[in-house]
Amino acid sequence: MPRANFRKPSLLSRIVRRIIMVLYRWKGWKLDGRLPDIDKFVIAGAPHTSNWDFVFFIGATAEEGVQPNFMGKHTLFQGMMRNFMFDMGGIPVDRTKRANYVEQVAEEFRKRERLALVIAAEGTRSTDGSWKSGFYHIARAANVPIVPAYVNNDTMTLGFGPPIVPTESYGETLAEIARFMQSKLPGYLRFDVLEAQAEKLIEEERADG
């Protein structure tokens, strides 16, 4: 479901983006770290504690000159919402297709010259801090690095870490991400859970291998 070529962004998307940038600057958010100067990558963000998180990610990536993309249910890309969803960076995922969502998104990476996919790696705001593995499998399937990103609501800071090339070991990859997150928010409970999750995965992988 490719986006139409040479089409001017919809009026609604332009208005929404302008509002988002006004809110981002009005809130006084600060950036820590830079996005890598590469064409394709997955941004794995945490902690996901507010519905405002994605708004601030859009603002922060815009400051870096990058338009973030996100996954959405394919039915949202129909009718009047179609152009708006594409213009906002949406990537339709059809879970009724034979190909799973990882393969669908990996195909989008192959087709595009540039793609920065933002994923809330915890999945939901109610998580204990454990991460879902979808971001890792997408990065592996698309052969792109993972850029860890953290949000600190107390200091109004949103930061990006160095790109991490995912290895065959999900546990080792998660441990590297956890070390970055802990360096930015030491003692933060959710990141303690993330670190413990990585250690457990490494133990399980060693036992299996």
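Structure shown above.
Below or above, wherever it landed, is the structure these notes cover.

Cut-off values and rules
Residues numbered from 1 in each chain as written. Predicted model: local features only at pLDDT ≥ 70, side-chain atom pairs only at ≥ 80, totals over all residues. Heavy atoms only, no water. Salt bridge = Lys/Arg side-chain N within 4 Å of Asp/Glu carboxyl O. Buried < 20%, exposed > 50% of the residue type's maximum accessible area, 1.4 Å probe, protein only. Helix = DSSP H or I, 4+ residues; strand = E, 2+ residues; numbered from the N terminus. Contact = heavy atoms within 4.5 Å. Phe/Tyr/Trp six-rings, centres within 6.5 Å; stacked < 30°, edge-to-face > 60°. Lys NZ or Arg CZ within 6 Å of the ring centre and 35° of its normal. Patch = residues over 30% accessible without salt bridge, like charges linked within 9 Å, V, L, I, M, F, W, Y side chains within 5 Å. Areas by Shrake-Rupley, 256 points an atom, 1.4 Å probe, with all protein chains shown as cover.

Let us now look at the pattern of salt bridges. Summed over the entire model, instances satisfying the criterion amount to 9 salt bridges. Of the charged contacts, one joins E108 and R112 as a salt bridge, the two residues approaching to 2.9 Å between their closest N and O atoms. Taking relative accessible area as the criterion, E108 reaches 12% and is therefore assigned buried. A relative accessible area of 24% means that R112 is categorised as partly exposed. Residues R206 and E172 are paired through a salt bridge, measuring 3.9 Å at the closest nitrogen-oxygen approach. With R206 in helix α7 (residues 189–208) and E172 in helix α6 (residues 170–184), this residue pair connects regions lying 34 residues apart in the sequence. Several salt bridges converge on common partners, so that one network encompasses E108, K111 and R112.

Topologically, P148 is positioned in strand β6 (residues 146–152). Of the residues examined, P148 reaches a relative accessible area of 0% and is grouped as buried. The spatial distance from the C-alpha of P148 to the C-alpha of L31 is 14 Å, given a sequence separation of 117 residues. Excluding anything up to four places from it in sequence, P148 contacts A44, G159, F160, G161, P162, I164, I177, F180 and M181.

Here the focus is the packing of aromatic side chains. Taken as a whole and judged by the stated rule, the model has 7 aromatic pairs. A network of ring pairs unites the aromatic residues W131, F135, Y136 and Y170 as a single cluster. Against the face of Y101 rests R95, its NZ or CZ located 4.7 Å from the ring centre.

A surface patch of nonpolar side chains, about 290 Å² in accessible area, is lined by L11, I15 and I19. Counting through the fold element by element, I19 comes out in helix α1 (residues 11–27).

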